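Structural overview
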Amino acid sequence: MSLFMDLNLPFTADKKRLKTLLETAAHLGFSTVAINYVHKAQSKGKQEIPKPTPLDQLVDELPIVQGRSRPIKILNRLTILVTDTNHYRTNAAEYKAYDILAVHPTTEKLFHAACMTFDVDIICITITERLPFFFKRAPINAARERGVMFEVCYAAAIRDSTMRRYTLTNGLALVERNNGKNVIISSGTDKALELRGPYDVANLAQLFGMSEAEAKDGVSSNCRSVLLHAETRKTASGIIYTVKTPKDTEPKETDTDTISMVTDEPPSAKKRKTSAETDTDTVSMVTDEPPSAKKQKTSAS
Amino acid sequence: KERTDIKLKMPPAVYERVVVKNSPVYQYMKVSLVLEKAQTKLTAVEFKHLITTGLKSLYGEVGAAFPFDLLTFEEDTLTAVLRIYSRGLVRLWSSLTLLGFFQQQRCAFRVLQVSRTSSYTL
């Protein structure tokens, strides 16, 4: 059975509202949601990318997903509204705090660049106004090969009949071009009464011209591949990743962690640890190197 | 030996398997309406009118003319069972999904169940 996800719940500072929103999402059967932080990139001045609020500060208790008896999973997502090519910076350190990275291109050139080169997980489609450009097959196929998904939000369609027309038009135009293959449907609302259940959303996606199976994928398995794609962005092809461990605080615990990552024989490593402490020190030095080396590079450039 | 005894004591299975070979004529939906102000009362006629308005705003006159029936309606929980021709299910469902307002207050239809046989939804 596939898990349902809603990868766009806009961040609100209002804790009570966020709580009801999360409870409604869990009640409707979404087992994973992403809290979305929108960053409007500007050409002038220094840009501050917002830092995600830690989850334990946002919610006290995770609501239980209906029908799965498991707490809901909450992720952080950053959406960058790009109006110029240099607004997206490759490998910026601020992006790493987020689980999912999305861009919202506003011009055809940016859309092309986002599909072809940007290392992101989701490309948002404008739904509140007429499309400023036509979708072309070449960038959309390239995005599909790279595993980047297109996102259509449905909340605006509930709010207003003009927006509904634009949402349907743009959704239809998108599905016409990519045959409904890599589309995800998410809510994009901070009001609990504008959230809809996963099967409702799948049914709604059929209005975009997707088949029943594709529409269901749009709320389940395509979202899952977004998460997996996000994992590979953080790591080297999803195989290896480096963790910077703090040296001073609790050296013993962190050392055992790093050792088990590096060598394939944890028992022998443990033995060594008990025999001599100097050994563990050298190992931790080695594992600490890659992140610090990266840091130097970024500071130099 | 004990285990066989337990098996014998068990009541017969209560489930029933229904196989529908041709595509069914009707589909049944169990829906409930959630309103911003929980005290608001609706009659069955108002409820059906609300759904028809939703159909009309999304599909126009032709959509609003598509026949569907309100089989049961509970006024205190605002839960209803609808019957629709199978061909119209997607249209009815999507118009329920996109219905967001009832008399200037926010509302949402929660689809509780969709079935092709009436005995399970009722």
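Heads up: the structure comes first, above all this text.
First, a word on scope: everything that follows refers to the structure included in this document.

Definitions and cut-offs
Residues numbered from 1 in each chain as written. Chains lettered and ligands numbered in written order. Predicted model: local features only at pLDDT ≥ 70, side-chain atom pairs only at ≥ 80, totals over all residues. Heavy atoms only, no water. Helix = DSSP H or I, 4+ residues; strand = E, 2+ residues; numbered from the N terminus. Buried < 20%, exposed > 50% of the residue type's maximum accessible area, 1.4 Å probe, protein only. Contact = heavy atoms within 4.5 Å. Areas by Shrake-Rupley, 256 points an atom, 1.4 Å probe, with all protein chains shown as cover. Buried area = accessible area lost by both parts, 1.4 Å probe. Salt bridge = Lys/Arg side-chain N within 4 Å of Asp/Glu carboxyl O. Nonpolar A, V, L, I, M, F, W, Y, C, P; charged D, E, K, R; others polar. Core = buried A, V, L, I, M, F, W, Y, C linked by side-chain atoms within 4.5 Å. Phe/Tyr/Trp six-rings, centres within 6.5 Å; stacked < 30°, edge-to-face > 60°. Lys NZ or Arg CZ within 6 Å of the ring centre and 35° of its normal. Axes fitted to C-alpha atoms, helices over the stretch in contact; angles between N-to-C directions. Parallel < 35°, antiparallel > 145°, perpendicular 65-115°, else oblique. Left-handed = near helix turned anticlockwise from the far one by under 90°. Pairing = 2+ DSSP bridges. Right-handed = clockwise from strand over helix to strand, strands pointing away.

This part is about the overall build of chain B. Along chain B, the regular secondary structure elements total four helices and five strands. Its helices and strands taken in sequence order, chain B reads α-β-α-β-β-α-β-β-α from the N to the C terminus. Within chain B, buried positions represent 39% of all 122 residues. Here the analysis covers contacts within chain B between residues at least 6 apart in sequence; of these, 71% occur between residues at least 24 apart. Carbon and sulfur atoms make up 55% of the accessible area of chain B, which totals about 8000 Å².

If you look at the interface, chain A gives 19 residues, while chain B gives 21 residues. For the chain A and chain B pair, buried surface summed over both sides reaches about 1600 Å², with 60% attributable to carbon and sulfur atoms. By the criterion of area lost to chain B, the three top residues of chain A are Arg164, Leu193 and Asn203 of chain A, representing 36% of everything that side buries. Applying the counting criterion to the chain A and chain B interface returns one salt bridge. For the salt bridge of Glu194 of chain A with Arg106 of chain B, the shortest nitrogen-to-oxygen distance reads 2.7 Å. Where the side of chain A that touches chain B is concerned, the elements lending two or more residues are helix H1 (15-28), helix H5 (155-159), helix H6 (161-178) and helix H7 (198-205) of chain A. No other element matches the four residues that H7 of chain A contributes to the side of chain A that touches chain B. Residues that form the side of chain A that touches chain B fall into these classes: 10 nonpolar, three polar and six charged.

Right, let's get into the nonpolar core. Ile80, Tyr88, Phe111, Ile123, Phe150 and Ile185 of chain A are the most contacted members of the largest nonpolar core, which has 67 residues in total. In terms of residues, this core owes the most to one element, H1 of chain A, which gives six residues. Beyond its immediate chain neighbours, meaning those up to four positions away, Ile185 of chain A contacts Val152, Tyr154, Val201, Ala205, Phe208, Met210, Gly218 and Val219 of chain A. Among the nonpolar cores identified, the runner-up in size contains 24 residues, and Phe66, Phe73, Leu82 and Leu96 of chain B belong to it.

All names here are of chain A. In this structure the tally under the stated criterion is 10 salt bridges over all chains. Ionic pairing is found between Lys19 and Glu23, a salt bridge with its closest N-O pair at 3.9 Å. Remark: Glu23 and Lys19 occur in helix H1; sequence separation between them is four residues, near one turn of the helix. Owing to a relative accessible area of 43%, Lys19 belongs among the partly exposed residues under this scheme. Judged by relative accessible area, Glu23 falls into the partly exposed class, the value being 37%.

Moving on, we come to the packing of aromatic side chains. One pass over the full model with this rule turns up 11 aromatic pairs over all chains. Measuring from centroid to centroid gives 5.9 Å for Phe133 of chain A and Phe135 of chain A, while their planes differ by 85 degrees, and the two rings are edge-to-face. The pair Phe133 of chain A / Phe135 of chain A is uniform in exposure class, with both members buried. Relative to Tyr85 of chain B, the ring of Phe66 of chain B lies with its centre 6.4 Å away and its plane at 90 degrees, an arrangement referred to as edge-to-face. Here the residue Phe66 of chain B occupies a position in the loop between helix H2 (44-64) and strand E2 (68-74), and Tyr85 of chain B occupies one in strand E3 (residues 79-85), the gap between them amounting to 19 residues. A residue is classified by how much of its surface remains accessible, and Tyr85 of chain B, at 35% relative accessible area, is partly exposed. Looking at Lys48 of chain B, its charged tip hangs above the ring of Phe68 of chain B, at a distance of 5.0 Å from the centre. In this arrangement the basic side chain of Arg91 of chain B is found over the ring face of Tyr59 of chain B, its NZ or CZ atom lying 6.0 Å from the centre.

Moving on, we come to the packing of H7 of chain A against helix H8 (residues 212-219) of chain A. All names here are of chain A. For the pair H7 and H8, interaxial distance at closest approach is 8 Å and the crossing angle is 130 degrees. The orientation of H7 relative to H8 falls into the category oblique. Pair H7 / H8 crosses with right-handed handedness. For the pair H7 and H8, the contacting residues are Pro198, Tyr199, Val201, Ala202 and Ala205 in the first and Ala215, Lys216 and Val219 in the second.

Okay, the pairing of strand E2 (residues 30-40) of chain A next. All names here are of chain A. The buried count for E2 comes to nine of 11 residues, which makes it a mostly enclosed element. Pairing geometry for strand E1 (residues 4-10) and E2, over five bridges, is parallel. The partner of Pro10 across the bridge, within E2, is Asn36. Chirality of the crossover, the property in question, places the unit of E1, H1 and E2 among those that are right-handed. Note that E2 and strand E3 (residues 73-82) share nine bridges and pair parallel. Within the sheet, the bridge partner assigned to Val33 lies in E3 and is Ile74.

Just geometry here; none of it tells us what the structure is for.
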